[in-house]
Amino acid sequence: MPPLPPGPSPSSSPAPPRQGLVVVQPVRRKHCAACRRGPLSLLVLEDGRPRCLDCADLGHLVLLPRGDTALTRRSREESTLSAVVVRFARRRGRYERQGILVEEAALARAEERCLADAEARRRRRARDARRRAAEDVRFTEAFAAEIRRLFPGCPADRARAVAAHASARGSGRVGRSAAGRALSEGAVVCAVRASVRHLDTPYDLLLMDKVARPEARRRTADAVESVLWAWRDEEAGTPRAA
């Protein structure tokens, strides 16, 4: 079966990715254009038209949901034929992986391989988790130190709290961006400004009162800048911690 050709998605959203074989979990009710069965839980697009897995010659494959990286990788290694399963996330405006389709025998062999070295992989994950935790602590400390350098008047405990919030792993916040990881001044100031906006102004109350976000920011902009201006003066805040 050839790779997925270009064509409209089953939900009139952008076309799915075209790397290898792609199977779609439709967000709307779809029927097979060949055999008319449906609604389909999984389909393949051929010439822009939905096909059920049986009509696409993929009906013998089984679904392995995402979540177990080792099992997914080994299942693909063991399976002669496999396909990526995706679903369109309206909120993010993109297709996201939901798992893979592989041969049932290949999945069984992959599970046996995973069971054979499960303890070794558990220990490796534990080591990796400790390493990442240590890296996170060092980065948060560096981020807090940069806050204190740029804003000497910012209380030390507040600087640590801002740094911890902005640099939380997996949060997608400014501290995890490329600029944040590089401790760029713009990223650090952005994190501090966001903290001041939420904690030192009525910004959140305005949002609760259904004030539009741009307007709420406009109303609190002077208060935010006032705090930042004061924190740039070392004498304005709590004395620097040793």
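The structure under discussion appears in the preceding block.
For the structure given in this document, a descriptive report is provided here.

### What to know about the sheet that holds strand β4 (residues 61-65)
Taken together, four strands build an open sheet; the order of strands is β1-β5-β6-β4 and the sheet is mixed. Each edge of the open sheet carries a strand with a single partner, namely β1 (22-25) and β4. Mean inter-strand twist for the sheet, computed between neighbouring axes without regard to direction, equals 40 degrees. Along the sheet face, helix α1 (residues 69-78) touches β4, β5 (83-89) and β6 (94-103) and points at about 55 degrees away from the line of β6. Lying over the sheet, helix α2 (residues 104-116) contacts β4 and β6, oriented at roughly 90 degrees with respect to β6.

### Some words on the packing of helix α3 (residues 118-150) against helix α6 (residues 185-199)
For the pair α3 and α6, the least separation of the axes is 10 Å and the interaxial angle reads 85 degrees. Classified by the angle their axes make, α3 and α6 are roughly perpendicular. For the pair formed by α3 and α6, the contact residues are Phe143, Glu146, Ile147 and Leu150 on the first element and Glu185, Ala187, Val188, Val189, Ala191 and Val192 on the second. Looking at side-chain class alone, the contact of α3 with α6 contains eight nonpolar, no polar and two charged residues.

### What about the pairing of β5?
The buried fraction of β5 amounts to six of the seven residues, a majority that puts the element mostly inside the structure. Pairing analysis gives four bridges linking β1 to β5, with the strands arranged parallel. Among the inter-strand pairings, Val23 is bridged to a residue of β5, identified as Val85. In this structure, β5 lies alongside β6, joined through seven bridges in antiparallel fashion. Looking at the pairing, Phe88 lines up with Tyr95 of β6. Connecting β5 to the antiparallel partner β6 that follows it, the hairpin turn spans four residues, and Gly93 within it adopts a positive phi of roughly 65 degrees.

### Quick notes on α6
Taking 1.5 Å of rise per residue, the 15 residues of α6 would be expected to cover 21 Å, and the 21 Å separating its terminal C-alpha atoms lies within 8% of that figure. Of all the positions in α6, only Ala187, Val188, Val189, Ala191, Val192, Ser195, Val196 and Arg197 are classed as buried.

### Focus on the packing of α3 against helix α4 (residues 156-166)
Orientation of α3 relative to α4, taken along the N-to-C sense of each, is 130 degrees, at an axis distance of 8 Å. Here α3 is positioned oblique relative to α4, judged by the angle of their axes. Where α3 crosses over α4, the handedness of that crossing is right-handed. Only Ala156, Ala159, Arg160, Val162, Ala163, Ala164 and Ala166 of α4 make contact with α3, whose side of the interface consists of Thr140, Phe143, Ala144, Ile147 and Arg148.

### Structural notes on the packing of aromatic side chains
When we look at a pair of aromatic rings, we describe it by the centre distance and by the angle of the planes. Using the criterion set out here, one finds two aromatic pairs in the structure. Measuring from centroid to centroid gives 5.2 Å for Phe88 and Tyr95, while their planes differ by 65 degrees, and the two rings are edge-to-face. Exposure remark for Phe88: the relative accessible area of 11% places this residue in the buried category. For the pair Phe139 and Phe143, a centre-to-centre distance of 5.9 Å together with 65 degrees between the ring planes defines the contact as edge-to-face. Within this pair, Phe139 and its partner Phe143 are both found in helix α3, separated by four residues, close to a single helical turn. For Phe139, a relative accessible area of 8% puts it in the buried group. Residue Phe143 is classed as buried on the basis of its relative accessible area, which comes to 0%. Stacked on the ring of Phe139, the Lys or Arg Arg181 has its end atom at 4.2 Å from the ring centre. Directly above the aromatic system of Tyr203 lies the positively charged group of Arg197, at a separation of 5.8 Å from the ring centroid.

### So, the environment of Ser82
Relative to the helices and strands, Ser82 is located in the loop between α1 and β5. Of the residues examined, Ser82 reaches a relative accessible area of 17% and is grouped as buried. Sequence spacing of Ser82 and Leu21 is 61 residues, and the spatial spacing of their C-alpha atoms is 7.2 Å.

Rules used in this analysis
Residue indices begin from 1 for each chain and proceed along its sequence in written order. Local features are withheld for residues below a pLDDT of 70 in this predicted model, meaning they are given only at 70 or higher, and side-chain atom pairs are given and counted only at 80 or more; totals for whole chains, interfaces and linings count all residues. Neither water nor hydrogens contribute to the side-chain values; these are computed over all heavy atoms in the structure. Here a strand pair is declared whenever DSSP counts at least two bridges between the two strands. A run of H or I in DSSP counts as a helix once it spans at least four residues, and a run of E counts as a strand once it spans at least two, with each numbered from the N terminus. For helices, the fitted axis covers only the stretch in contact; all axes are lines through C-alpha atoms, and the angles between them, taken along N-to-C directions, range from 0 to 180 degrees. We call two residues contacting when some pair of their heavy atoms lies within 4.5 Å. When describing relative orientation, an angle under 35 degrees is termed roughly parallel and one over 145 degrees roughly antiparallel, while 65 to 115 degrees is termed roughly perpendicular and anything else oblique. The nonpolar class holds Ala, Val, Leu, Ile, Met, Phe, Trp, Tyr, Cys and Pro. Asp, Glu, Lys and Arg form the charged class, and all remaining residues, Gly among them, are polar. For each residue, the accessible area found with a 1.4 Å probe, counting protein chains only, is set against the maximum for its type, and the residue is called buried under 20%, exposed over 50%, and partly exposed in between. Expected helix span is taken as 1.5 Å per residue step, with the number of steps being one fewer than the number of residues. Crossing handedness follows the turn of the near helix against the far one: under a right angle anticlockwise gives a left-handed crossing, and clockwise gives a right-handed one. Only Phe, Tyr and Trp rings are paired, with Trp represented by its six-membered ring, and only when their centres lie within 6.5 Å; those with planes under 30 degrees apart are stacked, over 60 edge-to-face, the remainder tilted. By definition here, charges over rings are those cases where NZ of Lys or CZ of Arg is within 6 Å of the ring centre and within 35 degrees of the ring normal.

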